[in-house]
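# Residue-level structure breakdown
Chain by chain, the residues run as shown.
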Amino acid sequence: MARTRDGRGVHGIHRSGRVAARDRVRHWITQNEPWVASWLGYGLGVHAPGRKSDSDALAAGHHILVAHGRAAEVLRREAPASEVGIAIDLVPMYPFSDNEADVEAAHREDGFRNRWFLEPVLGRGYPEDMLERYAEILPTIEDGDMDTIAAPLDFLGINYYTRSVVRASVGEVPAEGAEHTEMGWEVYPDGLYRLLVHLQTVYEPPSSTSPRMAPRSRMRARTGVSPIPGGSPISRGISTRS
C-alpha cells in the first residue's frame, strides 16, 4: 500500500495489523514486489494507475518502503511471536561482455531494478550512484524515513523469475539459444544460485524464502525442474526456507 500525502495509507496498515495479527498468523510479508507496484504502475504505465512518470514511480516506491517499515513496527508490537519480512523481486544483471561499458551499464540497471529497493531495506540506505542519477526527481524523504524502512527482518523473501543481459547503448538483449517461458522470460536456473550466493556474500541478509515461478509463466517444457548448475545454495551455507 503506497502512502497518501496525508499518511492515511500507512495508518490503514496500522489498523489492519492491530485487528488481524494477534492470534493465527505467524509469518508476515509486509509488501510484495515493490518495484512492480511502483515502476509498472507509476513509471512505465503497464499496471494501474497507468502513469508514466519517473518521479511518481520514485515517490510511490519510497512510500511503499516506508509502509513496510511501519507495518513491521506494528507487527512487532501486536504479534511479537510472529516473523516479519518483505518480498522483493530481483533480476540479476549480466553484462553482455567484459567490456567496461557493458559492465557499467549492467551496474546501472542493477541499481534501478534491484539495489534501489534491496539496500534501504537492509539498512544501507539508497545507493549513492542512484541518488546522483535521480537527484532532480527524488521524492521528499522525511527525517526518520530511512530508519523506518530499515526495520529489522526475520527473513528476506526473494522472487526470482529470470536474469537480464545488458549491453551498453542498447539495454536488455536476448540470450541466444536460450529456452523461454510463454511470457518471454529466459529460463536460467543458474541465476537463482548465483543470486543467493551474491546476496549472502555482499549483504548477509536473514534467511531467504524459496523463490517460485509465477503461475502464468508456464514453460513449454520442464517448468521449475531444471537443475541448478552451481549446486544447492544450502551447500554454500545459505539459509533458505519455503
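For the structure, check the block above.
Residues numbered from 1 in each chain as written. Predicted model: local features only at pLDDT ≥ 70, side-chain atom pairs only at ≥ 80, totals over all residues. Heavy atoms only, no water.

Grouped together as the largest cluster of nonpolar side chains are 33 residues, with contacts concentrated most on Trp-39 and Ile-88. Elements represented by at least two residues in this core include exactly helix 2 (34-43), helix 3 (54-78), strand 2 (83-89), helix 4 (100-121), strand 4 (155-159) and helix 7 (190-202). A total of 5 residues in this core trace back to one element, the largest contributor, which is helix 4. Core analysis: the second largest hydrophobic core is formed by 6 residues, Val-91, Ala-105, Ala-106 and Val-166 among them. (Core = buried A, V, L, I, M, F, W, Y, C linked by side-chain atoms within 4.5 Å. Buried < 20%, exposed > 50% of the residue type's maximum accessible area, 1.4 Å probe, protein only. Helix = DSSP H or I, 4+ residues; strand = E, 2+ residues; numbered from the N terminus.)

Once that is clear, we can look at the packing of helix 2 against helix 4. Packing of helix 2 against helix 4 brings their axes to within 10 Å, and their N-to-C directions diverge by 130°. Our classification of the angle between helix 2 and helix 4 gives oblique. Note on packing geometry: the crossing formed by helix 2 with helix 4 is right-handed. Across the interface between the two elements, Pro-34, Trp-35, Ser-38 and Trp-39 from helix 2 touch Phe-112, Arg-113 and Phe-117 from helix 4. Grouping the amino acids of the contact of helix 2 with helix 4 by side-chain chemistry returns 5 nonpolar, 1 polar and 1 charged. (Axes fitted to C-alpha atoms, helices over the stretch in contact; angles between N-to-C directions. Parallel < 35°, antiparallel > 145°, perpendicular 65-115°, else oblique. Left-handed = near helix turned anticlockwise from the far one by under 90°. Contact = heavy atoms within 4.5 Å. Nonpolar A, V, L, I, M, F, W, Y, C, P; charged D, E, K, R; others polar.)

Considering all chains together, one arrives at 8 salt bridges under this definition. With a closest N to O distance of 3.5 Å, Arg-51 and Asp-56 form a salt bridge. We note a salt bridge from Arg-77 to Glu-78, for which the minimum N-O separation is 3.3 Å. You can call Glu-78 buried: its relative accessible area is 18%. Taken together, the shared-partner salt bridges connect Asp-110, Arg-115 and Asp-129 into one network. (Salt bridge = Lys/Arg side-chain N within 4 Å of Asp/Glu carboxyl O.)

This part covers the packing of helix 2 against helix 3. The geometry of a pair of packed helices is captured by two quantities: the angle between their axes and the separation between those axes. Helix 3 packs onto helix 2 with a crossing angle of 150° between their chain directions and a minimal axis gap of 8 Å. As judged from the angle between their axes, helix 2 and helix 3 are roughly antiparallel. The chirality of how helix 2 crosses helix 3 is right-handed. Facing Pro-34, Ala-37, Ser-38, Trp-39, Tyr-42 and Gly-43 of helix 2, the residues of helix 3 in contact are Asp-54, Asp-56, Ala-57, Leu-58, Ala-60, Gly-61, Ile-64 and Leu-65. Looking at the contact of helix 2 with helix 3 residue by residue, the class counts come to 9 nonpolar, 3 polar and 2 charged.

Turning to the sheet that holds strand 6 (residues 171-173), a few remarks are in order. Spatially, 3 strands are ordered 3-5-6 in an open sheet, and the strand pairing comes out mixed. Each having just a single partner strand, strand 3 (93-95) and strand 6 make up the two edges of the open sheet. Neighbour-to-neighbour, the strand axes of this sheet turn through a mean angle of 50°, independent of strand direction. The pairing of strand 3 with strand 5 (residues 164-167) spans 3 bridges and is parallel. In the sheet register, Pro-95 faces strand 5, and the bridge partner there is Val-166. Contacts from helix 4 reach strand 3 and strand 5, with the element oriented near 170° to strand 3. (Pairing = 2+ DSSP bridges.)

Its location among the elements puts Glu-73 in helix 3. Taking the C-alpha atoms as reference points, Glu-73 and Thr-148, 75 residues apart in sequence, are found 8.3 Å from one another.

Relative to the helices and strands, Arg-113 is located in helix 4. Side-chain polar atoms of Arg-113 contact the side chain of Asp-89, separated by 2.6 Å. The residues contacting Arg-113, other than those within four sequence positions of it, are Trp-35, Asp-89, Val-91 and Met-93. (Polar contact = N/O pair within 3.5 Å; in protein donor to acceptor, adjacent residues only side chain to side chain.)

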